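Residue-level listing of the chains:
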Amino acid sequence: MTDVYAIADRTTNAELFADVAKLGYLNGRVLDCTFKHGRFWTEHQPAPLHRHDLDPRYAPDGPMDFTAIAYRTNTFDSVVFDPPYKLNGTPSSGGPANSDRDYGVDTYTRWQDRIALIERGIPECVRVAKPGGFVLLKCQDQVCSGQVRWQTRIFADRAEAEGTRLVDRFDLVGGRKQSGRQVHARRNHSTLLIFRKHQR
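Residues numbered from 1 in each chain as written. Predicted model: local features only at pLDDT ≥ 70, side-chain atom pairs only at ≥ 80, totals over all residues. Heavy atoms only, no water.

Structural notes on the pairing of strand β8 (residues 189-197)
When a strand is regular, its side chains alternate between the sheet's two faces. Across the nine residues of β8, seven count as buried, placing the element largely inside the fold. Pairing of strand β4 (residues 129-139) with β8 involves six bridges; the strand directions are antiparallel. Across the sheet, the residue bridging to Val135 is Phe195, located in β8. Of the strand pairs in this sheet, strand β7 (residues 164-173) and β8 are connected by nine bridges, and their pairing is antiparallel. In the strand pairing of β8, Val173 is matched with His189. (Buried < 20%, exposed > 50% of the residue type's maximum accessible area, 1.4 Å probe, protein only. Helix = DSSP H or I, 4+ residues; strand = E, 2+ residues; numbered from the N terminus. Pairing = 2+ DSSP bridges.)

Structure below.
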């Protein structure tokens with residue numbers, strides 16, 4: 001097996017998830033509760049993979065709200081949660097920001113409300129994971145309203161309060177252009193946090 005690094009020369013989330021699978025974080029029964037276009041799974045797809053999304057057009061196994069997951073407690077070996085974590089505003093008329101719609105951020109939402117929404121989803125993801133199973137959470141630290149919003153810390157604290165332990169972290173460097181007056185370091189990467197649910 002080739003080495004798997006926390007930060008490597010991956011260019012896509014699919015490549016990242018293929019690496020994650022090599023470490024055993026995607027074994028057994030897997031739930032993706034934010035499936036959308038299924039881009040995570042083009043390099044590796046576990047079986048069985050349960051594919052849900054709030055939007056029925058992108059939910060091969062049926063629509064579902066990640067704040068009210070319609071499965072029993074302790075069902076899945078791994079739960080993948082890629083919520084709409086982008087905090088800063090709405091898409092522009094052109095350029096990379098056009099992709100915002102794909103991530104559920106094509107309408108304005110206050111950053112506080114977006115973080116609160118994700119925090120409501122974390123307990124549900126932990127609930128349906130089996131004891132000893134994994135929750136994989138995609139997020140990003142971002143500069144918003146003149147301050148760094150440390151989503152990795154906020155969401156790690158919430159997941160651990162729900163009965164998990166942070167066991168791994170992967171950073172995926174992106175090429176998205178950022179604009180505006182710079183007062184903090186640019187965040188040109190997203191983060192995948194891996195939590196393990198406590199054994200009961």
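Points about the nonpolar core
Judged by nonpolar contacts, the single largest core of 24 residues is most densely connected at Leu31, Val79, Phe81 and Ile122. Here this core gets six residues from one element, more than from any other, and that element is helix α2 (residues 111-128). Discounting residues that sit within four places of it in the chain, Ile122 has contacts with Phe81, Leu137, Phe155, Arg158 and Ala159. One finds Val4, Leu16, Ala21 and Leu26 within the second-largest nonpolar core, a separate group that totals 19 residues. (Core = buried A, V, L, I, M, F, W, Y, C linked by side-chain atoms within 4.5 Å. Contact = heavy atoms within 4.5 Å.)

What about the environment of Ala70?
Within the secondary structure layout, Ala70 lies in the loop between β2 (49-51) and β3 (76-81). Taking C-alpha positions, Ala70 is 9.0 Å from Val128, a pair spaced 58 residues apart along the chain.

Concerning the pattern of salt bridges
Under the counting rule described, the total for this entry stands at nine salt bridges. With a shortest N-O distance of 3.4 Å, Asp19 and Lys22 are connected by a salt bridge. Taken as a pair, Asp19 and Lys22 lie in helix α1 (residues 13-22) at a separation of three residues, close to a single helical turn. Asp113 is paired through a salt bridge with Arg110; the nearest N and O atoms lie 3.1 Å apart. Judged by relative accessible area, which is 41%, Arg110 ranks as partly exposed. Taken together, the salt bridges that share partners define one network made up of Arg10, Asp19 and Lys22. (Salt bridge = Lys/Arg side-chain N within 4 Å of Asp/Glu carboxyl O.)

Comments concerning the packing of α2 against helix α3 (residues 151-161)
Across the interface, α2 lies against α3 with an axial gap of 9 Å and an inter-helix angle of 30 degrees. Crossing angle aside, the handedness with which α2 passes α3 is right-handed. Contacts between α2 and α3 pair Ile115, Ile118, Glu119, Ile122 and Pro123 from the former with Gln151, Ile154, Phe155, Arg158 and Ala159 from the latter. (Axes fitted to C-alpha atoms, helices over the stretch in contact; angles between N-to-C directions. Left-handed = near helix turned anticlockwise from the far one by under 90°.)

Comments concerning the sheet that holds β7
If you walk across this open sheet you meet the six strands as β2-β1-β3-β4-β8-β7, and the pairing is mixed. Strands with a single pairing partner mark the edges of an open sheet, and in this sheet they are β2 and β7. Recorded for the sheet is a direction-independent mean angle of 15 degrees between the axes of neighbouring strands. Across the face of the sheet, α2 comes into contact with β1 (30-32), β3, β4, β7 and β8 while running at roughly 150 degrees to β4.

Some details on the pairing of β4
In terms of residue burial, β4 counts as a mostly covered element, since nine of its eleven residues are buried. Sheet analysis places β3 next to β4, joined by five bridges and oriented parallel. Paired with Val79 across the two strands is Val135, which belongs to β4.

Side note on unusual backbone geometry
A cis geometry characterises the amide bond from Ala47 onward to Pro48, with omega recorded as 0 degrees. Structurally, Pro48 is set in the loop between β1 and β2. Phi at Lys36 is positive, roughly 50 degrees, even though this residue is not glycine. As for its placement among the helices and strands, Lys36 is situated in the loop between β1 and β2. Of note in the backbone geometry, Asn74 takes a positive phi value of approximately 65 degrees without being a glycine. Within the secondary structure, Asn74 is located in the loop between β2 and β3. Classification of Asn74 as partly exposed rests on a relative accessible area of 35%.

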